[in-house]
Amino acid sequence: MLPHPQPRPYKVCTQNRRRRKGFTAASRGDLVEQVASSFLMTCQLLTLVLEDDGTVVDSEAFFQSLPTNTPFMILEKGEVWTPSKQVLPSFRQPRRSGIAKLTFDLYKLNPKDFLGCLNVKATLYEIYTLSYEIKCTRATYFLKSLLRCFMYMVKLTGQVLLCGSSYVLRYTGEEECCSDR
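What counts, and at which threshold
Residues numbered from 1 in each chain as written. Predicted model: local features only at pLDDT ≥ 70, side-chain atom pairs only at ≥ 80, totals over all residues. Heavy atoms only, no water. Helix = DSSP H or I, 4+ residues; strand = E, 2+ residues; numbered from the N terminus. Buried < 20%, exposed > 50% of the residue type's maximum accessible area, 1.4 Å probe, protein only. Contact = heavy atoms within 4.5 Å. Areas by Shrake-Rupley, 256 points an atom, 1.4 Å probe, with all protein chains shown as cover. Pairing = 2+ DSSP bridges. Axes fitted to C-alpha atoms, helices over the stretch in contact; angles between N-to-C directions.

**A look at the overall build of the protein**
Alright, step 1. The number of helices and strands found in the protein is 3 helices and 7 strands.
Alright, step 2. Each helix (α) and strand (β) of the protein, taken in turn from the N terminus, gives the series β-β-α-β-α-β-β-β-β-α.
Alright, step 3. Burial statistics for the protein: of 181 residues in total, 19% are counted as buried.
Alright, step 4. Here the contacts in the protein between residues at least 6 apart in sequence split such that 43% fall between residues at least 24 apart.
Alright, step 5. Carbon and sulfur atoms provide 61% of the accessible area of the protein, an area that totals close to 14600 Å².

The following block contains the structure:
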């Protein structure tokens with residue numbers, strides 16, 4: 001009498017490879033039942049194939065000979081296996097998302113800092129990288145000086161408006177006096 005096989009993990013996907021899930025099963029029938037209940041399919045119309053090459057797994061002996069974490073594909077009635085559109089990893093070219101990438105990182109060395117530091121990083125062709133760090137530790141001093149300058153400009157603008165309005169009042173006031181005579 002042979003001992004019952006231990007449950008092993010397997011990976012199963014649907015025909016379009018959009019749904020993937022891991023299962024643990026001791027037998028082919030157990031795996032098909034779990035996949036059917038998880039993917040909401042009917043058990044009688046399912047075919048279990050290897051995802052890599054589409055080989056049909058129709059016997060328990062063949063299923064038991066496969067290694068752990070074997071990727072399977074489950075096919076419903078009328079569906080056929082199609083090869084994956086991915087290229088083999090050894091022949092895959094590195095994917096380049098663009099010519100240049102520019103990132104800005106703003107961070108604080110001290111929680112009391114107003115701005116902190118700015119790190120600018122430029123990457124060209126995902127190969128060459130150039131970064132520059134701007135430390136804004138004197139930002140509060142700079143901001144206070146900027147506010148002082150702004151307040152001085154507001155004060156000066158107010159004085160110009162007051163002087164201008166008094167001049168306009170005097171000018172318009174003299175014409176009224178002259179027209180009354």
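There's more to say after this.
**Let's talk about the sheet that holds strand 2 (residues 20-25)**
Alright, step 1. The strand order 2-1-4-3 describes an open sheet built from 4 strands, whose pairing is mixed. The open sheet terminates on both sides in strands that have one partner only, identified here as strand 2 and strand 3 (47-50). For this sheet, the mean inter-axis angle between neighbouring strands, taken without regard to orientation, is 40 degrees.
Alright, step 2. Relative to strand 4 (residues 71-75), strand 3 runs antiparallel, the two being bridged by 4 bridges. Looking at strand 4, one finds that T47 is bridged to L75.
Alright, step 3. Sheet contacts for helix 1 (residues 28-39): strand 1 (8-13), strand 2, strand 3 and strand 4; angle to strand 2, the most-contacted strand, approximately 140 degrees.

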